[in-house]
Each structure stands twice: as structure tokens, then as C-alpha cells.
2 protein chains.
Amino acid sequence: MSEMNLYDAMSTLRAVRRLRPDPIPDDVLHRVLEAATWAPSGGNVQAWRMLLVRERPLKAALGALYAERWAAYTAHYRELMAGQPADAIERSERTLAAGNHLAEHFADTPAVLIFCFNPQHMAITDSEQDRPSVVGGGSIYPAVQNALLAARAEGLGCVLTTLLCQEEPKVRELLEIPDPWYTAAAVPLGYPVAGGHGPIRRRPPEKMTFSDRWGKAYQR
Amino acid sequence: MSEMNLYDAMSTLRAVRRLRPDPIPDDVLHRVLEAATWAPSGGNVQAWRMLLVRERPLKAALGALYAERWAAYTAHYRELMAGQPADAIERSERTLAAGNHLAEHFADTPAVLIFCFNPQHMAITDSEQDRPSVVGGGSIYPAVQNALLAARAEGLGCVLTTLLCQEEPKVRELLEIPDPWYTAAAVPLGYPVAGGHGPIRRRPPEKMTFSDRWGKAYQR
């Protein structure tokens with residue numbers, strides 16, 4: 001069992017999209033699943049489930065759906081990036097190349113975790129607001145994040161993807177997901193082809209935080 | 001800086017609602033904020049922000065809104081619990097009593113973190129599905145979970161709450177949150193009155209996971 005420090009795990013959790021086909025030991029997978037179960041959820045109801053997909057024909061079918069959506073996403077993304085500084089474009093192109101690799105090798109990934117949820121067992125407190133609802137996600141993505149952090153601690157590459165939600169009816173049919181359960185994320189898991197996790201680039205707290213009121217600078 | 005092991009932090013992260021008014025050192029708060037920034041987000045856009053609320057009048061105003069919604073929630077919750085086994089009801093009553101304490105002491109909490117988001121900078125891939133959208137939350141709640149885990153490692157009590165989303169227009173006005181930013185969570189932070197974090201009760205992986213297809217048992 002990994003003895004990784006919490007902050008070390010968080011500060012080196014990258015989106016790793018180049019994964020080796022080598023199998024993942026059952027005990028390692030189990031620790032990732034258990035970490036997910038520890039997450040908080042609204043009313044502690046745990047109205048979410050995981051599908052641990054390892055059968056190759058299922059992964060291949062998911063991969064075909066994913067590749068189609070990924071192609072559309074990359075076209076849109078390149079439009080957004082046009083006119084950005086050269087170093088930002090170069091970073092984006094590296095990300096897109098890694099994403100292409102994932103899309104092409106989805107079936108080779110040793111495991112894909114599909115996170116499902118039941119909105120009927122959630123108190124979605126922002127359902128009446130005149131903007132996209134997110135609060136249902138508050139009972140799912142903490143578990144996804146726990147799984148990602150555990151994967152990182154175990155040396156597994158992983159990435160949080162949501163593109164397959166665009167193909168949810170087909171995914172539900174393929175994996176026999178019944179009403180009223182839906183899909184929130186797909187997390188491919190596998191040992192990294194290259195370096196995998198490492199230092200990450202994020203905005204610092206001073207750029208992500210306001211003090212008391214919007215616009216009032218936060219300083220440590 | 002806390003050297004807590006990742007799995008130890010995850011497996012002992014409780015919802016702690018009885019918090020002491022003692023101030024939190026700036027460096028400790030900063031580590032919690034930084035942990036949040038490390039979280040993944042869609043396209044790495046980080047379309048979320050934190051408001052670190054410490055001014056007492058603001059906390060008092062948030063607390064008044066929270067207490068009203070909490071009272072309605074507890075009434076509904078007791079209806080749902082009617083007929084449950086006695087031990088489940090006893091646990092729920094303990095949770096409700098702790099929630100009452102939080103609602104009554106919101107202004108005394110040394111800090112409340114309000115997580116905000118901008119849906120215009122999110123690719124919400126499930127927006128066309130005929131069920132509540134959750135995917136926007138995939139770019140917010142991983143950061144919330146990181147903050148909770150960091151708080152736990154620092155010995156701070158904390159709890160993920162979303163009740164204030166029901167009062168979002170008032171919260172936005174109070175904290176001067178502009179369009180198109182909205183609120184996803186409020187996390188009170190403070191040192192625990194009593195034991196605080198500790199072992200948690202969750203369904204095991206075997207009850208939360210299916211293998212390949214819905215309904216097919218997962219075994220380690």
C-alpha cells in the first residue's frame with residue numbers, strides 16, 4: 001500500500017493519457033475503488049456507483065464513441081487556441097497529441113472506471129437557479145477525485161474525462177445501466193508509458209481566491 | 001506542513017460541524033487554498049474561484065440564510081427517516097444535532113470558503129441529456145475535495161455544504177459576486193470542538209462497484 005503524502009499526491013496529479021496495456025494488480029485496483037468510496041456525498045447517501053470495465057470488446061466500443069467525440073473536441077479546441085501565445089499553443093498541442101493517443105488506445109487501457117449516479121437520491125439544491133446545475137456533481141466528483149489521487153499514489157496514470165456523457169444513451173445500453181442511473185465520468189487507468197505524474201501548472205491561490213468579497217485581493 | 005498519508009486523510013475525513021471560533025493561522029489556510037488549486041478541471045481552465053469569508057457580519061448574514069434552509073432540510077429529513085431502524089435514526093439525530101450547532105454558530109466559524117464557478121468557461125458535456133446536469137461539477141468539486149482533504153490533514157474540521165445554493169441570489173449580492181459567476185459550495189472551516197475527524201462509515205467497494213456491466217458483481 002502506497003505511503004504517499006497527501007500534498008505530494010495532490011501537487012503531482014497530472015492528466016496522464018498515455019497508458020501501458022499491462023494489467024493492474026487486483027489489490028491496487030481495489031485500493032483505488034476503496035478510496036473512492038471514502039468520499040463525502042450529500043446526506044452520506046452515496047448515490048453513485050462505479051463500473052470497472054476490463055472486457056476488451058466493451059473498452060473497444062467505448063473507445064470508438066470516445067474517439068468520435070474527441071475528434072470534434074480537438075477541432076473546436078484548436079479554434080479556441082488560435083491567436084494564443086506560441087508556448088500556450090505548443091502545450092495545447094502536446095495535450096491534444098496525448099489525447100489522440102488515448103482515443104486510439106482506449107481498448108488497450110487495462111481498466112476504465114465509469115462513474116454513475118442516481119439523481120433521484122440527491123438533493124440538488126441549485127435545481128431552481130437560472131443557470132446550469134452543478135450540485136449533483138458534489139456527490140460524485142469528490143469520489144472521482146479520491147480515485148484519481150489514489151491512482152496517482154499507486155503509480156497509475158489516469159485522467160478525468162466527461163466526453164462520453166455526450167454519448168450517454170449508447171454507453172448506458174452497452175454497459176446495461178438501468179433507469180434512473182446516469183453517467184458522470186470515465187477514468188481510464190493504467191501504468192504510464194513515460195514519466196506520468198509530476199509537477200503541475202496551476203494558478204496560485206492569490207489568483208484563485210478573493211478575501212470576503214469578490215474582487216478584494218487575497219494575500220497569505 | 002502536515003505529513004499525513006493520503007489514504008489516512010481520505011479514510012478519516014468526516015463531516016465536522018462543531019467548530020471552535022479560534023482563528024486559523026494564515027499559513028494553514030494558505031495550504032488549504034493551494035491544495036484546492038491543484039485539482040484538475042475541464043481543459044485545465046480552472047473556471048472556479050474561492051471566496052475566503054472571515055468578516056463577521058458577512059458570516060452572520062450567510063449563517064442566517066443557512067439556518068433557515070437547514071431548518072427546512074431537517075424537517076424533510078426526519079420525514080424520510082421515519083420507519084428506519086433505531087440505530088440509523090440515532091445516527092441521523094446526532095448528525096442533525098451537529099448541523100443545528102453549525103447553523104447556530106455559522107458567524108463564530110473562523111472561515112467559510114465559498115466555491116464559485118463560471119459555466120461559460122466550462123464544456124458541460126451532459127447539457128443535452130434528459131436528466132439533471134452534473135458535469136459542470138466535475139470542474140469544481142475535485143477542488144472542493146482537495147480543500148477538505150487538506151483541512152483534514154491540517155487538523156481542521158470542515159464540511160461540504162450546498163444548502164446556500166438555494167439562496168444564491170442573496171449570497172451573490174452579499175459577497176458581490178458578478179455575472180456570470182455562481183456558487184457551488186460553502187465549506188465552514190475551524191478546529192473541531194471535540195474529536196473531529198476519525199474512522200468513517202461507508203459502503204465497501206463490493207457494494208459500490210460492478211464488473212464490466214451493471215449488476216455483475218465485483219470481487220477483489
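Here is a short report on the structure shown in this document.

Parameters at a glance
Residues numbered from 1 in each chain as written. Chains lettered and ligands numbered in written order. Predicted model: local features only at pLDDT ≥ 70, side-chain atom pairs only at ≥ 80, totals over all residues. Helix = DSSP H or I, 4+ residues; strand = E, 2+ residues; numbered from the N terminus. Rg over C-alpha atoms; globule rule 2.2 N^0.38 Å. Buried ≥ 20, exposed ≤ 12 C-beta atoms within 10 Å, placed from the backbone. Contact = placed C-beta atoms within 7 Å. Least-squares fit on C-alpha atoms with pLDDT ≥ 70 in both. Pairing = 2+ DSSP bridges. Core = buried A, V, L, I, M, F, W, Y, C linked by C-beta atoms within 7 Å. Axes fitted to C-alpha atoms, helices over the stretch in contact; angles between N-to-C directions. Expected span 1.5 Å × (residues − 1).

### Brief notes about the overall build of chain A
A count of helices and strands for chain A gives seven helices and five strands. Along chain A, helices (α) and strands (β) appear in the sequence α-α-β-α-α-β-α-β-α-β-α-β when read from the amino end. Since a compact globule built from 220 residues should have a radius of gyration of about 17 Å, the 18 Å found for chain A is in line with a globular shape. The buried share of chain A, taken over its 220 residues, is 48%. Of the contacts formed within chain A by residues at least 6 apart in sequence, a portion of 82% connects residues at least 24 apart.

### Quick word on the environment of Leu58(B)
Looking at the element boundaries, Leu58(B) is found in helix α3 (residues 56-81). Leu58(B) sits in the partly exposed class, given 19 other C-beta atoms within 10 Å. When the C-alpha positions of Leu58(B) and Val112(B) are compared, they lie 9.8 Å apart, and in sequence the two are 54 residues distant. In this structure Leu58(B) touches Asp212(A), Val53(B), Leu174(B) and Leu175(B), once residues within four positions along its chain are discounted.

### Concerning the relation of the copies chain B and chain A
At an RMSD of 0.0 Å, chain B and chain A line up after a rotation of 180° and a shift of 0.0 Å along the axis. Here the transformation between the copies is reduced to the relation of a two-fold axis. Of the interface residues in chain B, 100% have counterparts in chain A that sit at the interface too, so the contact is made through matching surfaces.

### Considering the pairing of strand β1 (residues 48-53) of chain A
Of all the six residues making up β1(A), six are buried; the element is thus mostly covered by neighbouring parts of the structure. With burial as the criterion, each face of β1(A) is covered, one bearing Trp48(A), Met50(A) and Leu52(A) and the other bearing Arg49(A), Leu51(A) and Val53(A). Two strands pair when backbone bridges link them, and β1(A) and strand β2 (residues 111-117) of chain A are joined in this way by six bridges, in the antiparallel orientation. By the bridge assignment, Arg49(A) is partnered in β2(A) with Cys116(A). Looking at chain direction, β1(A) and strand β5 (residues 209-211) of chain B are connected through three bridges and run parallel. Pairing of Met50(A) across the sheet is with Thr209(B), part of β5(B).

### With respect to the nonpolar core
Core analysis: the largest hydrophobic core is formed by 130 residues, its most contacted members being Phe115(A), Ala147(A), Val187(A), Phe115(B), Ala147(B) and Val187(B). Here Val187(B) is in contact with Val112(B), Leu113(B), Val144(B), Ala147(B), Leu148(B), Cys158(B), Val159(B), Leu160(B) and Thr161(B), once residues within four sequence places are set aside.

### Considering the sheet that holds strand β4 (residues 182-190) of chain B
The sheet built from five strands is open, its strands ordered β5(A)-β1(B)-β2(B)-β4(B)-β3(B) with mixed pairing. Edge positions in the sheet fall to β5 (209-211) of chain A together with β3 (157-158) of chain B, since each has one partner strand and no second. Of the strand pairs in this sheet, strand β2 (residues 111-117) of chain B and β4(B) are connected by seven bridges, and their pairing is antiparallel. Residue Val112(B) lies in a different strand from β4(B), and its bridge partner there is Pro188(B). Helix-sheet contacts for helix α5 (residues 141-153) of chain B involve β1 (48-53), β2, β3 and β4 of chain B, and the interaxial angle to β4(B) is about 0°.

### Some remarks on the interface of chain B and chain A
Between chain B and chain A, the contact holds 80 residues from the first and 80 residues from the second. When contributions to the side of chain B that touches chain A are tallied by element, the ones reaching two or more residues are α1 (6-11), α2 (26-37), β1, α5, α6 (168-175), β4, α7 (205-208) and β5 of chain B.

### A closer look at the sheet that holds β5(B)
Taken in spatial order, the five strands of this open sheet run β3(A)-β4(A)-β2(A)-β1(A)-β5(B), and their pairing is mixed. Looking at the sheet topology across the chains shown, the edges are occupied by β3 (157-158) of chain A together with β5 of chain B. Relative to the sheet, helix α6 (residues 168-175) of chain A contacts β1, β2 and β4 (182-190) of chain A, its axis offset from that of β4(A) by approximately 70°.

### A few points about α3(B)
Residue and element names in this part refer to chain B. Here α3 is 26 residues long and its end C-alpha atoms lie 35 Å apart, about the 38 Å a rise of 1.5 Å per residue gives. All buried positions along α3 are accounted for by Lys59, Leu62, Gly63, Tyr66 and Trp70. Residues of α3 that are buried make contact with β1, α4 (86-104), β2 and α6. Positive phi shows up at Gly83, right after α3, with a value of about 90°.

### As for the environment of Tyr141(A)
Within the secondary structure, Tyr141(A) is located in helix α5 (residues 141-153). Judged by C-beta crowding, with 34 C-beta atoms within 10 Å, Tyr141(A) ranks as buried. Separated by 42 residues in sequence, Tyr141(A) and Gly99(A) have C-alpha atoms that sit 21 Å apart. Those residues in contact with Tyr141(A), other than ones at most four positions away along the chain, are Gly137(B), Gly138(B), Tyr141(B) and Pro142(B).

Geometric values such as these leave the question of function open.
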